[in-house]
Structures are given as C-alpha cells and as structure tokens.
Amino acid sequence: MKPFFPTLTGNEPLLAQLGGEILSDRLGHAYILEGPAGTGKHTLALQIAAALACERKNEDGVPLPCLQCPACRKILSGNSPDVIPVGREDKATLGVETVRKMRASAFMAPNELDDKIYIFEDAQTMTAQAQNALLLILEEPPAYLRFLLLTDGSVPLLETVRSRAPTLRLSRLTQEVLQARLLETEPEARALLAQSPVDFGELIAAADGSMGLAKKMLEPKFRQTVLEDRKLARTFAELAANHASASSVIPFLGAMEGPRDVVIARFSTMLLCIRDLSLLKQSDTAPLCFFYDRENATALAYRFTAPELMRAAREISAAMDALYRNANVRLVLTRFAMQTGLLP
Ligand SMILES: [Zn+2]
C-alpha cells in the first residue's frame, strides 16, 4: 500500500481517507479543515495541494505526497502560482472585497498545475457577506478549482457553505504521540531530554498536543518564559495547599509582577493548573492539560478541598477580568492573595 502524508502525525483515519480520494481522483472541490491552533491545518492544506500535483503520484511504494519532486517542493515552499493563500491580512475579518478579488482570478485557468487551489486562512473570521460571495463560486466551480477553508471552529461557517464543503476535523496529539514524534524528528528535543527530563516533560505538557507549539518551545528563549509561568502556577498551588505564611507568599507575589499581558498569561496558566487539580479530585484518570506527572498532581489535589479549588479558580478569573479592565497590576495581585487566603 502507498503511504499517505508520511511526515504528518495523528489524525491517521482522516489522512488515509484524503490520500485515497486524491489517488483515485475522487477528492471534492471544497473542504473545511477544522481544528484548534497548532493542529497542523496549514501544513495539511499544503500537503493536500502537493499530493494533487505530485509527479510521482502513481509510482508504487512512493509516499503521497513524495515531498521531493519539483512540484511538491515548489508547493511546500510556497512558490507555486497555483496554490494561493487567501487571508484577512491585518484586518479583524476576512471581508467580501478579498473574496471578490479571489473570484476574479479564480476564473483564469491554472498556470502550471492541473488544479488551482485556494487556501483560506482563519476562515472563521469571514463575514457573512464574504461567505455568500464565496458561495457563488462554490456552487458551480470550474473543474480545476479547489478550496480549503481553514478554521479553528470558534465561529461556525454558514450552513450554505458547510453543505458544499465537508468538514474534516483535526484533533490534537496525545502527550505520548507528541513526545515520541518530537524525539524522532528534532535533535534539540533529544538534547533537552538528556539535559533536563523535567523541562522536557514541562514542554510536552505545555505544548498541549500541538507539534507547532512544541517545536517553538525548543527555542530556549520562548521555552524559558513558558517554563517560568508554569513554575509560578505550581508555586501558587503549593502555597495555597500549605496555607503558607505571609513571609513565603511575598516572594511569589514579587515574581508574579510584570507587564499587564505577562501577568494575564501567568494567571491563565494558573487557571489550567487549578482546573487539572479540580478534575483530579473527581477522577484519578481525568485528562490533564497542565500536569504531566499525574502522581504528583494527584497527591497535590488531595491537599485541597473541592470548594478551595473552586474558590481559587474563581479568584484567578476575577483577577484576569480586573487586569483586562486596566486595574493596577500590584493592587490586583494583593487583592488576589487576600481573597485566596495567601495573605491575611
Ligand atoms: Zn511529489
């Protein structure tokens, strides 16, 4: 059997389906690729385009796409005139003017390939008007036209669009798969694991199933920020569980301080940590999104009562709300410490 999309990880049934459809020339004209950020929508869209154009498509035993032939390479490097990204640029929404421009060019036959493929980024930001303009061409597209609409699913597309473009859902990777894949493909990941298994575990947990985010965190500077936020979240949980004295709370509050957006990010990491602890109080096997060391996390969870965790989650949300409303950072932190019982 021909291997399909050999460099992609996860979502295997979906990839097998797509590969089969491309090989037997049954691929539809339009699809919605839906998945949270970091699930590889963009990578998959380019690889679908490459698979359509791959010069070695019909060779036995060669993966589809082969990723090596000139057609594959041109597409994957973003240099094919027939694979065209459509984005909202610096605007909040993808508007009707952008779609009209796309439509005008869509009726010109492809330059080099048999297909002309439009990849819509952030399709969830398309205005209703833009979607209706797209419908005009989705209803009766020229035979060479293909559309891939990439969306995080936060805002559903119009039913009329969805009825013409089946939705393919991409899910995040499990921690185990992400870890195995990262170690296999990234020398920096192997180096980090050898150097600090704890930091590596933290990175896998923080990447939350996203290969893209995991790779980004292999850059030391970015990783440092993420690891510091996670350490602060654990410190908060430890302090709260210990009903710590004020003298140990002051350094924590000092470390929490920073520019508003940085403090908001720290609180949102804390919320993930507290959420995991709440789930662990209900079930030892709950899926976790902050902790990777389940045993330690379970032990920590049992040092809290459920109402204590609920109160902590509520106060973290209240602190974030206040920061979004431009409240003074230091005052928010002090109030938070008092409300959660860290300070008398
Ligand atoms: Zn190829």
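As a reminder, the structure under discussion sits directly above these lines.
Cut-off values and rules
Residues numbered from 1 in each chain as written. Predicted model: local features only at pLDDT ≥ 70, side-chain atom pairs only at ≥ 80, totals over all residues. Heavy atoms only, no water. Buried < 20%, exposed > 50% of the residue type's maximum accessible area, 1.4 Å probe, protein only. Helix = DSSP H or I, 4+ residues; strand = E, 2+ residues; numbered from the N terminus. Pairing = 2+ DSSP bridges. Donors = N, O, S within 2.8 Å, 3.2 Å for Na, K, Ca; no water. Tetrahedral: all angles 85-135°; square planar, octahedral: opposite > 155°, others 65-115°. Contact = heavy atoms within 4.5 Å.

Draft legend 1. Looking closely at the pairing of strand E4 (residues 145-151). Taking burial as the measure, the seven residues of E4 include seven buried ones, the bulk of the element. Covered by surrounding structure in E4 are Leu145, Phe147, Leu149 and Thr151 together with Arg146, Leu148 and Leu150, the residues of both alternating faces. As paired strands, strand E1 (residues 30-34) and E4 are joined by five bridges and run parallel to one another. If you follow Glu34 over to E4, its bridge partner there is Thr151. Of the strand pairs in this sheet, strand E3 (residues 116-120) and E4 are connected by five bridges, and their pairing is parallel. From the neighbouring strand, Phe120 faces E4, where its bridge partner is Leu149.

Draft legend 2. The coordination of the zinc ion, seen in detail. Only Cys54 (SG), Cys66 (SG), Cys69 (SG) and Cys72 (SG) from the protein coordinate the zinc ion, and they sit 2.3 to 2.4 Å from it. Bound by four donor atoms, the zinc ion shows angles of 102 to 121° at the metal and therefore tetrahedral coordination geometry. For the zinc ion, all donor residues lie on one chain, and their spacing in sequence is C-x11-C-x2-C-x2-C. Look at Cys69 and you get buried, because its relative accessible area is 5%. Using a relative accessible area of 0% as the deciding quantity, one classes Cys72 as buried.

Draft legend 3. Broad picture of the environment of Pro13. Mapped onto the elements of the fold, Pro13 is located in helix H1 (residues 12-23). Residue class for Pro13 comes out exposed when judged on its relative accessible area of 65%.

Draft legend 4. View of the environment of Phe222. Note on placement: Phe222 falls in helix H11 (residues 220-242). In this structure Phe222 comes out as partly exposed when scored by relative accessible area, which is 26%. Apart from residues lying up to four places away in sequence, Phe222 is in contact with Leu213, Lys216 and Met217.

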